[in-house]
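# Summary of structural features
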Amino acid sequence: MKYDFSRIEKKWQEIWEREKLYAAENGTGKEKFYGLVEFPYPSGEGLHVGHPRPYTAMDIIARKRRMQGYNVLFPIGFDAFGLPTENYAIKNHMHPRDVTKRNIARFTEQLKMLGYSFDWDRVVDTTDPEYYKWTQWIFLQMFKKGLAYKASMPVNWCTSCKVVLANEEVVNGVCERCGSEVVRREKSQWMLGITKYAQRLIDDLDDVDYIERVKIQQKNWIGRSTGAEVRFRTTAGDELIVFTTRPDTLFGATYMVMSPEHELLKKWEPLLENIEAVRGYQAEAARKSDFERTELQKDKTGVELMGVRAVNPVTGGEIPIYISDYVLATYGTGAIMAVPGHDTRDWQFAKKFGLPIVEVVKGGDIEKEAFTDCETGVMVNSGFLDGMPVEEAKKTITEWLEGRGLGSAKVNYKLRDWVFSRQRYWGEPIPIVHCDRCGYVAIPEEELPLMLPDVESYETTDTGESPLAHMDEWVNTTCPHCGGPAKRETDTMPQWAGSSWYFLRYIDPKNADAPASKENIGYWMPVDWYNGGMEHTTLHLLYSRFWYKFLYDLGVVPTAEPYQKRTSHGMILGLNPHNFANLPAEEQEELLKTCGSEEAARHHLVEKFGEMAEHPIVKMSKSLGNVVNPDDVVKEFGADTLRTYIMFLGDFEKAAPWQANAVKGCKRFLDRIWNLAEERVDGSEDYSAANEADVHRAIRKVGDDIEAMKFNTAIAALMALVNRYYESKPSRGDIKALLTLVSPFAPHIADELWEIQGFDGHASVAPWPDYDEAKTVEAEKEIAVQVGGKLKTTVKVPADADDDALVAAATADEKIMRLMEGKTLVRTIVVKGRLVNLILK
RNA sequence: GCCGGUGUGGCGGAACUGGCAGACGCCCGGGACUUAAAAUCCCGUGAGGUUACACUCGUACCGGUUCGAUCCCGGUCACCGGCACCA
């Protein structure tokens, strides 16, 4: 019989669903395992070939855990609020809810087609009112604790989407979604106080098992730096406060710089002699997009404040104050003390404006450039700090400032509070009303969920108001506090809201009284293993840790961290069809003929398609036409082949290109398994004598490799085992072992052959086999024999041979004897059970 | 500029803690089966060299440590990802 994957896959998917084979049980005595993948955004395009990589990986792990006897929770859901759906709905005159419903149906079908062992009774959908009720509830708790607050601040405004973006959504100064220019605008926004949790978000990384690069990236993103806050007196009377990581260089502060948005500037206006120039510069800075600001960073600009000067607290000298956009309003205090001798930016600015540059740490040449690499230097020109090493000077000056009330030690973070409002329709309504008398008031919890009303038009307005603002009936309400007239908040939450706690809802998806019951949270949390993309490291991953910590403080969850372990997969890339190496052979030849040389051909391709043509491996994109659709692969080769190939194609953690050709190899592998077991093999369930050691080794290798996410080598080991079975006919026991090991990777074929063989139950939930270390070794093994560190030959020795026996065997080898002739053996190195190295003279 | 990562055959990639480089797969070549092709099965496949051995070279490049280096150390180059005027 032929391996009819379509029939088999459909058959087993139905059986699994009917038998609820993969359902998690709440609160059993069994040990639990909670495996999590990032739930997809159900886009109109359907599942991308990038989705199956992390999903298959965690499915393999979940399946193995189940076979090992764990009570496994392996859920899936949909992160369905968001812009693309809304934009699509606007364009096609549909309701976003209907678009979402359709897309979820499509995704569900595709995910089922791939045979994932998700618990389909626990699906969550962030757009379901029963779900977002709790998203709103968490927001209200934050509001009550002062963590959610409204602030007017410069925000990133996408000129095309007409929406305020979080800092994280601005990439290289342009909108992450549409690539349009982003400018700054003053707007009143809901903010979440994530910065209050900055230190804990750093510290608690020590207690979790995340891959190192994730920890490092999060730490860098939070950007802790230690230094001091210093208060400078000014001739205006107000103090100008700055943050510096180098208080030791205070004697070298020869001028100061404020950001153009600094709030003192307004107050100082009457004192400024060049008010027009200052205002002009401020206006220009506001108009510039972030992109322009950073692109033109080489050339420093600025205006001196005429009429106000500052006093350096240690030298007592008056120094000028400038405004310049190289100082950011959003970091530190929005103003700096400039030390041009030891800071590159200050140096450039000082050179341009002819300001004095003073050396305060010895060792560099401040005429040529700022001497910044001076943490190990010694202070000069610094009064009472002279002669001290930098570290000591930092301490001394900080104490000196503290003693006089002129400053204090201070920690600063790059992380900023989270802009939480969106002027869009398709998001969770923010459950707050504004009352002229009472201010911002939370709506009562009993009124949750605050339903997203139907509106006639989802279009945003140029003024940046949410479409909800047009709904007078909905907007006008009464204040829950005083009963007077009030208006609802019309902004909605960002997409990151729903995904910040979804893993809790899976635990108890139908609970009407709480995000999830305390008892079930206690049993299931924390998530044991969470795999997801590196692109979510500084956004979703950080946000959800923050929300979880907040819930921990409320007593809703029992642990400080949501995820015990975090791993990350590499992207699936595509071959660039415009790269010379990837052209079909005929086209290559033709090009060689017309262009003369390969170099000329490559050059021709670059001219035709741009620089991109130089890269053989690129991101998949519609415009290049190298996008692989999982449906097509499943149709042609089956889900088991797709699963196997996607795990086999390279190191899971690294990016790897999809190579259509290589899929066949995995199909062939499954065909060969089919051929071995399509007819019942009778006899004992012991391993055959000939294959026993290979089976034990395979059990060890596959098990270890799954734990280490080295799926590619696990599959290679299985292929090797199958090849072995072709050399030496497998027993019934050999077949059983193979099917068990294959089952997590290719569960359909494993269950079908399991049934054909007449084994009990299903391979999917069969006990994971044990191996016996002692039985993994053959009776005889081959060891390497080196002379002078170079391999000369190999010899066979009994597995239990001791060092002396290895040397004896090596020196008895004919070839080695020949090489030793006329020489003396000066040294012998033996690596236990592996190698003998003879040093001759 | 800063942080992190990577560099191994024609290709994707293996290699324990410093111990036989190239597992496994793709491509390619040869053979068996077939009227034939496909599929399947078997064999070969880093480069040079030889009838065949022998032997030599080979993990981006230069150097070091070591009996022995893809792995450790110093330096150089290239590419990828993230951050980027963060005081």
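Calculation notes
Residues numbered from 1 in each chain as written. Chains lettered and ligands numbered in written order. Predicted model: local features only at pLDDT ≥ 70, side-chain atom pairs only at ≥ 80, totals over all residues. Heavy atoms only, no water. Near = heavy atom within 4 Å. Polar contact = N/O pair within 3.5 Å; in protein donor to acceptor, adjacent residues only side chain to side chain. Nonpolar A, V, L, I, M, F, W, Y, C, P; charged D, E, K, R; others polar. Buried < 20%, exposed > 50% of the residue type's maximum accessible area, 1.4 Å probe, protein only. Helix = DSSP H or I, 4+ residues; strand = E, 2+ residues; numbered from the N terminus. Arc of directions from axis to C-beta. Contact = heavy atoms within 4.5 Å. Salt bridge = Lys/Arg side-chain N within 4 Å of Asp/Glu carboxyl O. Pairing = 2+ DSSP bridges. Axes fitted to C-alpha atoms, helices over the stretch in contact; angles between N-to-C directions. Phe/Tyr/Trp six-rings, centres within 6.5 Å; stacked < 30°, edge-to-face > 60°. pLDDT = per-residue confidence, 0-100. Parallel < 35°, antiparallel > 145°, perpendicular 65-115°, else oblique. Left-handed = near helix turned anticlockwise from the far one by under 90°.

If you check the shell around RNA strand B, you find 59 residues, and the closest are T245, R345, R668, R834 and N837. If you look at RNA strand B and keep only atoms within 4 Å of the protein, 62% of those are sugar or phosphate atoms. Contact between RNA strand B and Y331: a phosphate oxygen at 2.8 Å from a side-chain N or O atom of the residue. Among the residues forming the surface near RNA strand B, the class breakdown is 22 nonpolar, 19 polar and 18 charged.

This paragraph deals with helix α11 (residues 344-353). Those residues of α11 that sit buried are D346, W347, F349 and A350. Viewed along the axis of α11, the buried residues span an arc of 165°, placing them on a single side of the element. Its buried side turned inward, α11 meets β13 (255-258), β15 (318-323) and β16 (335-338). G354, located one to two residues past α11, shows a positive phi value of around 65°.

It is worth spelling out the pattern of salt bridges at this point. This structure, assessed with the given rule, holds 47 salt bridges. Measuring nitrogen to oxygen at the nearest pair gives 3.9 Å for the salt bridge that ties R213 to E653. Of this pair, R213 sits in helix α7 (residues 212-222) while E653 sits in the loop between α20 (639-648) and β27 (656-657), placing them 440 residues apart in sequence. E685 is the partner of K736 in a salt bridge, and the nearest nitrogen-oxygen pair spans 3.0 Å. With a gap of 51 residues between them, K736 in helix α24 (residues 732-742) and E685 in the loop between α21 (660-677) and α22 (692-707) connect regions that are remote in the sequence. What makes K736 partly exposed here is its relative accessible area of 27%. For E685, a relative accessible area of 40% corresponds to the partly exposed category. When salt bridges with common partners are traced through the structure, they connect D4, R7, K11, E752 and E755 into a single cluster.

Read from one edge to the other, the open sheet built from 4 strands follows the order β20-β19-β22-β21, with strand pairing classed as antiparallel. In the strand order of this sheet, the two ends are held by β20 (439-442) and β21 (476-478), each with one partner. Each strand of the sheet is rotated relative to its neighbour by a mean of 45°, with strand direction disregarded. Examined bridge by bridge, β21 and strand β22 (residues 485-488) share 3 bridges and lie antiparallel to one another. Paired with T478 across the two strands is P485, which belongs to β22. Packed on one face of the sheet, helix α5 (residues 129-144) meets β19 (432-435) and β20 and runs near 135° to β20.

Our focus in this paragraph is the side chain of N579. Looking at the secondary structure, you find N579 in the loop between β25 (572-575) and α17 (585-595). The exposure class assigned to N579 is buried, which follows from its relative accessible area of 1%. Not counting residues within four places of it along the chain, the set of residues in contact with N579 comprises R602, L605, A613, E614, H615 and P616.

Moving on, we come to the side chain of T56. Within the secondary structure, T56 sits in helix α2 (residues 52-67). The exposure class of T56 is buried, given its relative accessible area of 0%. A distance of 2.9 Å separates polar atoms of two side chains, one belonging to T56 and the other to Y116.

Turning to unusual backbone geometry, a few remarks are in order. Along the chain, L448 connects to P449 via a cis peptide bond; the corresponding omega equals 0°. Here the amide bond leading from M525 into P526 is cis, since omega sits at 0°, within 30 degrees of zero. Mapped onto the elements, P526 comes out in the loop between α15 (518-524) and β23 (529-533). One non-glycine residue with positive phi stands out, namely K20, at about 45°. Relative to the assigned elements, K20 resides in the loop between α1 (5-19) and β1 (32-37). Here M709, not a glycine, exhibits a phi torsion of approximately 55°, which is positive. Here M709 lies in the loop between α22 and α23 (711-727).

We now examine the environment of C175. Counting through the fold element by element, C175 comes out in strand β8 (residues 174-175). C-alpha of C175 to C-alpha of A236: the two residues are 61 residues apart in sequence and 41 Å apart in space.

Okay, the environment of G407 next. Mapped onto the fold, G407 is located in strand β17 (residues 407-413). Each C-alpha atom, one on G407 and one on N626, is 59 Å from the other, the two residues being 219 residues apart in sequence. The contact partners of G407, leaving out residues within four places of it in the chain, are E229, V230, R231, L401 and E402.

Before going further, it helps to spend a moment on the packing of aromatic side chains. Summed over the entire model, instances satisfying the criterion amount to 46 aromatic pairs. For the ring pair Y255 and Y322, a centre distance of 5.9 Å and an interplane angle of 80° mean the geometry is edge-to-face. Placement of Y255 in strand β13 and of Y322 in strand β15 is noted, with a sequence separation of 67 residues between them. For Y322, a relative accessible area of 5% corresponds to the buried category. Feature note: the residues F139, F143, W190, Y197, W418, F420, Y440, W496, Y543, F546 and W547 constitute an aromatic cluster, connected by ring pairs.

Summary statistics for chain A give a mean pLDDT of 91 and a share of 97% for residues scoring 70 or more. With pTM at 0.93, the complex prediction returns an ipTM value of 0.95.

Contact geometry for α20 and α21: axes closest at 9 Å, N-to-C directions at 120°. Taken together, the axes of α20 and α21 are oblique relative to one another. The way α20 lies across α21 gives a crossing that is right-handed. On α21, the residues that touch D640, T641, T644, Y645 and F648 of α20 are A662, V663, C666, K667, F669 and L670.

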